[in-house]
Amino acid sequence: MEIKLPGQDAEDIIDQLLGGGEDTALMQTITKEKALIRIRLENRRGHYVTIVDFGNSDDAKQLGIKDLARELKKRLAAGGTIRDSWIEIQGDHRHKVKKLLVEMGFKEENILIDEGVTET
């Protein structure tokens, strides 16, 4: 294996060492196509929280859940957090989240929205 150091940043070097790069992008695309995502709404002490559940924590890690959460929060202008394999976003954004996930490359038929509200 040949590693070229001049002119590369640390991320490129790490990708070469770990065998990332194109293979990682391909795996992420495949995972996006097969991911089953459930979107639900919870009412917590009078405040709504949208839950974007990826089900399997390995799939969530493969998809880069931190980057997804950051992008969703930015585009929805809302706060939120990450818990295990799901993203919590403040407010009722179920249908907006589905639209954004489809724009990000997820299959629309694999995104399920629960129309009910769970009281917690």
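Data block above holds the structure.
Position labels on residues start from 1 in each chain and follow its written sequence. pLDDT decides what is reported in this predicted model: residues at 70 or higher carry local features, side-chain atom pairs at 80 or more are listed and counted, and totals for whole chains, interfaces and linings draw on all residues regardless. Note: side-chain values were computed over all heavy atoms of the structure, leaving out hydrogens and water.

Participant: If you had to explain the sheet that holds strand β2 (residues 47-53) to someone new, which residues and values would you point to?
Facilitator: Two strands form a pair only when DSSP identifies at least two bridges running between them. For helices the rule is a DSSP run of H or I covering at least 4 residues; for strands it is a run of E covering at least 2, with both sets numbered from the N terminus onward. Read from one edge to the other, the open sheet built from five strands follows the order β3-β4-β2-β1-β5, with strand pairing classed as mixed. Taken across any chain shown, the strands that pair with only one partner, and hence form the sheet edges, are β3 (80-83) and β5 (111-119). Taken pair by pair, the neighbouring strands of this sheet meet at an average axis angle of 20°, ignoring direction. Here helix α5 (residues 94-103) sits on the sheet and contacts β1 (37-44), β2, β4 (86-90) and β5; the angle it forms with β5, its principal contact strand, is near 155°. All axes here are fitted lines through C-alpha atoms, helices being fitted over the stretch that makes contact, and every angle between N-to-C directions spans 0 to 180 degrees. Residues are treated as being in contact if the distance between any of their heavy atoms lies within 4.5 Å.

Participant: Give a description of the nonpolar core that names residues and reports values.
Facilitator: We call a set of buried Ala, Val, Leu, Ile, Met, Phe, Trp, Tyr and Cys residues a nonpolar core when their side-chain atoms join them within 4.5 Å. Partly exposed describes any residue whose relative accessible area lies between the buried limit of under 20% and the exposed limit of over 50%, with all areas from a 1.4 Å probe on protein chains only and scaled to the type maximum. I37, V52, F54, I87, L101 and F106 are the most contacted members of the largest nonpolar core, which has 21 residues in total. Those elements giving two or more residues to this core turn out to be β1, α3 (57-63), α4 (65-76), β4 and α5. Ranked by the residues each element gives to this core, the list is headed by α4, at five residues. When residues no more than four places from it in sequence are discounted, the contact partners of L101 are I37, I39, V52, F106 and I111.

Participant: Quick one: what's the story with the packing of aromatic side chains, residue by residue and with numbers?
Facilitator: Note on aromatic pairs: the rings of Phe, Tyr and Trp (six-membered ring only in Trp) are paired at centre separations within 6.5 Å, and the planes decide the class, stacked below 30 degrees, edge-to-face beyond 60, tilted for the rest. A full pass over the atoms with the stated rule returns one aromatic pair. Each ring, one from F54 and one from F106, has its centre 6.4 Å from the other, and the planes form 45°; the classification is tilted. Of the two residues, F54 is situated in the loop between β2 and α3 and F106 in the loop between α5 and β5; the sequence distance between them amounts to 52 residues. In this structure F54 comes out as buried when scored by relative accessible area, which is 4%.

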